[in-house]
Amino acid sequence: MAGDPNAPHFPRSAPIEAYGKGGFAFAGMSHRGSLLCLPDAIWAWDVTDPAKIDRYSLDRVFAAANSIDTLLIGTGTGVWLPPPALRQALKAVRVVLDTMQTGPAVRTYNIMIGERRRVAAALIAVP
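Residues numbered from 1 in each chain as written. Predicted model: local features only at pLDDT ≥ 70, side-chain atom pairs only at ≥ 80, totals over all residues. Heavy atoms only, no water.

1. Considering the pattern of salt bridges
Summed over the entire model, instances satisfying the criterion amount to two salt bridges. In this structure, Asp-69 and Arg-118 form a salt bridge, with 3.1 Å as the shortest nitrogen-oxygen distance. A residue pair is termed long-range when its members are at least 10 positions apart, and Asp-69 in the loop between α1 (59-63) and β6 (70-74) and Arg-118 in the loop between α3 (102-114) and β8 (119-123) qualify at 49 residues. Judged by relative accessible area, which is 35%, Asp-69 ranks as partly exposed. As a salt-bridge pair, Glu-115 and Arg-117 come within 2.9 Å of each other at their nearest N and O atoms. Residue classification places Glu-115 among the partly exposed positions, given a relative accessible area of 47%. The partly exposed category is assigned to Arg-117, whose relative accessible area is 44%. (Salt bridge = Lys/Arg side-chain N within 4 Å of Asp/Glu carboxyl O. Helix = DSSP H or I, 4+ residues; strand = E, 2+ residues; numbered from the N terminus. Buried < 20%, exposed > 50% of the residue type's maximum accessible area, 1.4 Å probe, protein only.)

2. Some thoughts on the sheet that holds strand β4 (residues 34-38)
Pairing in this open sheet of five strands is mixed, and the strands run β5-β4-β8-β6-β7 from one edge to the other. What marks the edges here is a single partner per strand, and that holds for β5 (41-45) and β7 (96-100). Geometrically, the sheet is characterised by an average inter-axis angle of 20 degrees between neighbouring strands, direction not taken into account. In terms of strand pairing, β4 meets β5 through five bridges, oriented antiparallel. Pairing of Cys-37 across the sheet is with Ile-42, part of β5. Packing against the sheet, α3 makes contact with β4, β6, β7 and β8, and its axis sits at approximately 150 degrees to β6. (Pairing = 2+ DSSP bridges. Axes fitted to C-alpha atoms, helices over the stretch in contact; angles between N-to-C directions. Contact = heavy atoms within 4.5 Å.)

3. Notes on the sheet that holds strand β3 (residues 29-32)
In spatial order, the strands read β1-β2-β3; together these three strands make up an open sheet with antiparallel pairing. Of all the strands in the sheet, just β1 (16-20) and β3 have a single pairing partner and so form its edges. On average, each strand axis in the sheet is inclined to that of its neighbour by 15 degrees, with strand direction left out of account. Strand direction decides the pairing type here: β1 and strand β2 (residues 23-26), joined by four bridges, are antiparallel. Bridged to Ala-18 within β2 is Ala-25.

Functional significance is not addressed by these values, which are geometric in nature.
Have a look at this one:
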């Protein structure tokens, strides 16, 4: 299943148990690379640089917008300011965007899903 880009890595949301060394651990599994965590599934995400984050790379978020209130973007180890057009596009589908480094984004995501909030996270893997 991991080889099929149209199949999720995990069929529901789950807390991120660890991150670093170029990947993440969740639900007793490990994944190398970035992740897109939606309320209904966790997907591999091919973004490695915040400059590549755009409407297209967040297509699954827009498709699931009716079940998401907040999108956390973990920007790796750097700080990234999203383009105003992306922020406006998310606002148009009633999704609040919050960007921060990947570590704080993982911690915030885990707290928010623990509170049963309608949250998604796009997390760039860190070394």
